[in-house]
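Breakdown of the fold
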Amino acid sequence: MSDSHEDTQAVTKAMEAGKTYFKEKYDLNVEFTHHKFNPPDLGTDVGLYGHLTDDTNTEVFILMNYETLEVLTAGVPKELIEKQES
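So, here's what we can say about the structure.

Criteria and cut-off values
- Residues numbered from 1 in each chain as written.
- Predicted model: local features only at pLDDT ≥ 70, side-chain atom pairs only at ≥ 80, totals over all residues.
- Heavy atoms only, no water.
- Core = buried A, V, L, I, M, F, W, Y, C linked by side-chain atoms within 4.5 Å.
- Buried < 20%, exposed > 50% of the residue type's maximum accessible area, 1.4 Å probe, protein only.
- Helix = DSSP H or I, 4+ residues; strand = E, 2+ residues; numbered from the N terminus.
- Contact = heavy atoms within 4.5 Å.
- Pairing = 2+ DSSP bridges.
- Phe/Tyr/Trp six-rings, centres within 6.5 Å; stacked < 30°, edge-to-face > 60°.
- Axes fitted to C-alpha atoms, helices over the stretch in contact; angles between N-to-C directions.

**Some details on the nonpolar core**
One finds Phe22, Leu28, Val30, Phe32 and Leu48 to be the most contacted residues of the largest nonpolar core, which totals 18 residues. Counting residues per element, the ones that place at least two in this core are α1 (4-26), β1 (30-37), β2 (45-52) and β3 (55-65). Examining the composition of this core, we find that six residues originate from one element, α1, more than from any other. Apart from residues lying up to four places away in sequence, Val30 is in contact with Lys19, Phe22, His51, Leu52, Thr53 and Val60.

**What about the pairing of β3?**
Sheet analysis places β2 next to β3, joined by eight bridges and oriented antiparallel. Residue Asp45 lies in a different strand from β3, and its bridge partner there is Asn65. Connecting β2 to the antiparallel partner β3 that follows it, the hairpin turn spans two residues. Across four bridges, the pairing between β3 and strand β4 (residues 71-75) is antiparallel. The residue bridging Met64 from the neighbouring strand is Val71, located in β4. Between β3 and β4, which pair antiparallel in sequence order, lie five residues; one of them, Leu69, sits at a positive phi of approximately 65°.

**Considerations on the packing of aromatic side chains**
Applying the stated criterion across every chain, the model contains six aromatic pairs. A ring pair is formed by Phe22 and Phe32, whose centres lie 6.2 Å apart and whose planes are at 50°; its orientation type is tilted. Of the two residues, Phe22 sits in helix α1 while Phe32 sits in strand β1, which places them 10 residues apart along the sequence. For the pair shown, Phe22 and Phe32 are each scored as buried. Ring geometry for Phe37 versus Tyr66: centroids 5.3 Å apart, planes at 85°, classification edge-to-face.

**Comments concerning the sheet that holds β1**
The sheet built from four strands is open, its strands ordered β1-β2-β3-β4 with antiparallel pairing. Lying at the two open borders of the sheet, with one neighbouring strand each, are β1 and β4. On average, adjacent strands in this sheet sit at an angle of 20° to one another, irrespective of strand direction.

**Points about unusual backbone geometry**
The phi angle at Asp27 is positive, at roughly 55°, despite the residue not being glycine. Turning to its location among the elements, Asp27 is positioned in the loop between α1 and β1. Residue Leu69 is not a glycine yet carries a positive backbone phi of 65°. With respect to the helices and strands, the residue Leu69 is situated in the loop between β3 and β4. The exposure class assigned to Leu69 is partly exposed, which follows from its relative accessible area of 28%.

Below is the structure:
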């Protein structure tokens, strides 16, 4: 990332894509509270950290490519996944 404006745009796009991912995959509404870029020599990935909108104690995480918006991994509490599958 070259400047803070590009950083902000990349994070905003990634957060919107992350919210959509959690809604479509797990039927969860999430809010991201902070992010962390991987070092540029490791790629174009950003980690987004947050929680459920209706439960700030239930944390979620997603790692995605901020250029392609491809989800690399997501972290959701196991009990929420099991609840959704039943």
